[in-house]
Amino acid sequence: MQKRSKSDAIKIHDLDDFSRMRSAGRVAAQILDDITEFVFPGQLTSEIDRQINRMIDDAGATSATIGYRGYQHASCISVNHVVCHGIPSNKRLRFGDILNIDVTVIINGWFGDTSRMYIAGQPNRKSERLIQVTHDALMKGIEQIKPGNTFGDIGYAIQSYVESHRMSVVRDFCGHGLGKVFHAPPNVLHFGKAGSGTVLETGMFFTVEPMVNLGRAETKTLPDNWTAVTRDKSLSAQFEHSVGVTENGVEIFTLSPSDNFFPKVG
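In this numbering scheme, every chain counts its residues from 1 along its sequence in written order. The predicted origin of the model limits local features to residues at a pLDDT of at least 70 and limits the giving and counting of side-chain atom pairs to 80 or more, whereas totals for whole chains, interfaces and linings rest on all residues. Each side-chain value is worked out from all heavy atoms of the structure, with water and hydrogens disregarded.

## Focus on the overall build of the chain
Put simply, the rule is: Strands are runs of DSSP state E lasting at least 2 residues, helices are runs of H or I lasting at least 4, and numbering of each runs from the N terminus. In this treatment the radius of gyration is a C-alpha quantity, and the globule benchmark scales as 2.2 Å times the residue count to the 0.38 power. Working definition: with a 1.4 Å probe on protein chains only, accessible area under 20% of the residue-type maximum means buried, over 50% means exposed, and in between means partly exposed. Here, two residues are considered to be in contact whenever any of their heavy atoms come within 4.5 Å of each other. In this description, accessible areas are obtained by the Shrake-Rupley approach with a 1.4 Å probe, and a residue is regarded as covered only by the protein chains that are shown. Residues counted as positive are Lys and Arg, residues counted as negative are Asp and Glu, and His and the chain ends are not counted. For this purpose, a charge sits on NZ of Lys, CZ of Arg, CG of Asp or CD of Glu.
Summing up its helical and strand segments, the chain has four helices and 16 strands in all. Scaling as 2.2 N^0.38, a compact globule of 266 residues should have a C-alpha radius of gyration of about 18 Å, and the chain matches this with 17 Å. Taking the principal axes of its C-alpha atoms as reference, the chain extends roughly 50 × 45 × 35 Å. With 266 residues in all, the chain has 55% of them scored as buried. Contacts spanning at least 24 positions in sequence make up 72% of the contacts within the chain whose residues lie at least 6 apart. A total of about 11,600 Å² of accessible surface is found on the chain, and carbon and sulfur atoms cover 48% of it. Within the chain, one finds 28 positive and 29 negative side-chain charges whose respective centroids are separated by 7 Å.

## Topic: the packing of aromatic side chains
Condition: When the centres of two rings from Phe, Tyr and Trp lie within 6.5 Å, Trp using its six-membered ring, the rings pair. Their planes under 30 degrees apart give stacked, over 60 give edge-to-face, and anything left gives tilted.
Under the counting rule described, the total for this entry stands at nine aromatic pairs. Note on F111 and F182: the rings are 5.7 Å apart at their centroids and 20° apart in plane angle, and the pair reads as stacked. A residue pair is termed long-range when its members are at least 10 positions apart, and F111 in strand β6 (residues 110–119) and F182 in the loop between β8 (173–177) and β9 (184–188) qualify at 71 residues. A relative accessible area of 11% means that F182 is categorised as buried. Consider the rings of F239 and F262, whose centres lie 6.3 Å apart with planes at 5°: the pair is stacked.

## Focus on the packing of helix α3 (residues 125–142) against helix α4 (residues 151–164)
To keep it simple, the criterion reads: A fitted line through C-alpha atoms represents every axis, and for helices the fit uses only the stretch in contact; the resulting angles, taken between N-to-C directions, go from 0 to 180 degrees. For this classification, under 35 degrees means roughly parallel, over 145 means roughly antiparallel, 65 to 115 means roughly perpendicular, and everything else is oblique. Crossing handedness: left-handed means the near helix sits turned counterclockwise from the far one by under a right angle, and right-handed means the same turn made clockwise. We call Asp, Glu, Lys and Arg charged. Ala, Val, Leu, Ile, Met, Phe, Trp, Tyr, Cys and Pro are nonpolar, and the rest, Gly among them, are polar.
Two numbers describe how α3 lies on α4: the axes approach to 8 Å, and their chain directions differ by 155°. Accordingly, the angle class assigned to the pair α3 and α4 is roughly antiparallel. α4 is crossed by α3, and the crossing has right-handed handedness. Only I154, A157, I158, Y161 and V162 of α4 make contact with α3, whose side of the interface consists of V133, D136, A137, K140 and G141. Taken together, the residues that form the contact of α3 with α4 break down as seven nonpolar, one polar and two charged.

## Quick look at the pattern of salt bridges
Using the following cut-off: Any carboxyl oxygen of Asp or Glu within 4 Å of a side-chain nitrogen of Lys or Arg constitutes a salt bridge here.
Counted under the stated rule, the structure contains eight salt bridges. With a shortest N-O distance of 2.9 Å, D17 and R20 are connected by a salt bridge. You can see D17 and its partner R20 sitting in helix α1 (residues 15–34), three residues apart, about one turn around the helix. R216 is paired through a salt bridge with E218; the nearest N and O atoms lie 3.1 Å apart. Judged by its relative accessible area of 33%, E218 falls in the partly exposed class.

## As for the nonpolar core
Convention followed: Here, nonpolar core refers to any group of buried Ala, Val, Leu, Ile, Met, Phe, Trp, Tyr and Cys residues whose side-chain atoms link them within 4.5 Å.
I35, I48, I52, I56, L99, I101 and V105 are the most contacted members of the largest nonpolar core, which has 33 residues in total. Looking at this core, the elements with two or more residues in it are α1, α2 (45–58), β3 (76–79), β5 (98–107) and β6. Of all the elements, α1 adds the most residues to this core, at seven residues. Residues contacting I56, with those up to four places away along its chain left out, are I31, A61, T62, S63, A74, V103 and V105. Ranked by size, the runner-up nonpolar core spans 31 residues in total, among them I10, M117, V212 and A237.

## A word on the sheet that holds strand β7 (residues 168–169)
By definition, the strands of a sheet pair up through backbone hydrogen bonds, in either a parallel or an antiparallel sense. Convention followed: Strands were regarded as paired on the criterion that DSSP finds at least two bridges between them.
Strand order across the open sheet formed by three strands is β7-β11-β14, with antiparallel pairing between neighbours. Of all strands in the sheet, those with a lone pairing partner are β7 and β14 (236–238), marking the two edges. Relative to β14, strand β11 (residues 211–213) is paired through three bridges, and the arrangement is antiparallel. Across the sheet, N213 pairs through a bridge with S236, a residue of β14. Across the sheet, α3 touches β11 and β14, and the angle it forms with β14 is around 35°.

## A look at the environment of F40
Assignment of secondary structure puts F40 in the loop between α1 and α2. A relative accessible area of 37% means that F40 is categorised as partly exposed. Residues F40 and H176, spaced 136 residues apart in sequence, show a C-alpha to C-alpha distance of 31 Å. Residues in contact with F40, not counting those within four places in the same chain, are L93 and A120.

## Examining the layout of surface pockets
Formally: Cavity: a set of points on a 1 Å grid over the protein atoms alone where a 1.4 Å probe fits but cannot get out. Pocket: an open set with protein on both sides within 12 Å along at least five of seven lines, its lining residues, like those of a cavity, having an atom within 4 Å of a point. Grid points are joined across faces, edges and corners, and a volume is the space filled by probe spheres set on the points.
Looking at the second largest pocket, its volume works out to about 300 Å³. Together, 15 residues line the second largest pocket, and I77, V79, V82, S89 and K91 are the ones closest to its centre. Residues that form the lining of the second largest pocket fall into these classes: five nonpolar, six polar and four charged.

In short, shape yes, function no, at least from these values alone.
The following block contains the structure:
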């Protein structure tokens with residue numbers, strides 16, 4: 001995800017580009033499938049990142065995040081009240097922790113970007129509900145993606161669903177365009193007014209990645225200049241897919257090969 005900013009013209013991709021994004025997205029999604037076995041109480045988030053780095057190498061891919069603006073890890077791992085950009089460390093996961101793992105890979109110059117939630121052990125009821133609402137909000141936003149709809153339709157679908165469950169959508173970060181670059185126009189807001197914003201066209205590629213808080217929407221960034229946390233220390237969750245607008249709707253490039261996008265309790 002990226003900080004919100006003004007966006008310029010949105011690139012329109014051709015049919016061949018869909019297959020290239022499909023390949024990149026599949027690798028990223030497979031890594032998130034395979035990392036599941038390494039998430040458990042007592043595990044170091046740095047060890048999870050080390051395994052992700054190994055998997056990226058084994059896939060013949062390149063990490064998009066290592067070296068990006070000085071970042072030195074193959075993933076972002078955001079635990080509990082960390083909203084996004086959590087830095088892997090020697091802190092151990094505790095029983096009941098929830099975490100988002102975000103991975104971006106480069107395959108033949110194309111970027112595959114995805115994240116999903118994991119649980120160390122068993123979640124409590126509030127955590128479980130937050131994860132479910134966040135996942136469902138993402139999918140409701142993606143349901144709005146088709147030519148002729150607008151980016152405002154995506155944001156409105158996400159925001160209205162989240163707020164109907166008395167949770168809040170983070171507004172400080174947004175989805176983004178991608179393809180042969182990591183971040184590009186448009187900014188994809190996860191809130192908004194139906195019918196507003198740029199009209200969706202066939203060939204647009206971008207991420208949808210809502211961050212949802214159990215408490216208030218406000219965030220703050222820690223002194224490391226990466227880690228964003230909830231100001232009220234409430235739990236936060238996020239899911240992310242990379243998508244392309246097709247002639248009739250949407251293609252999700254980062255579907256889980258094992259149908260494990262939604263976390264299994266373990």
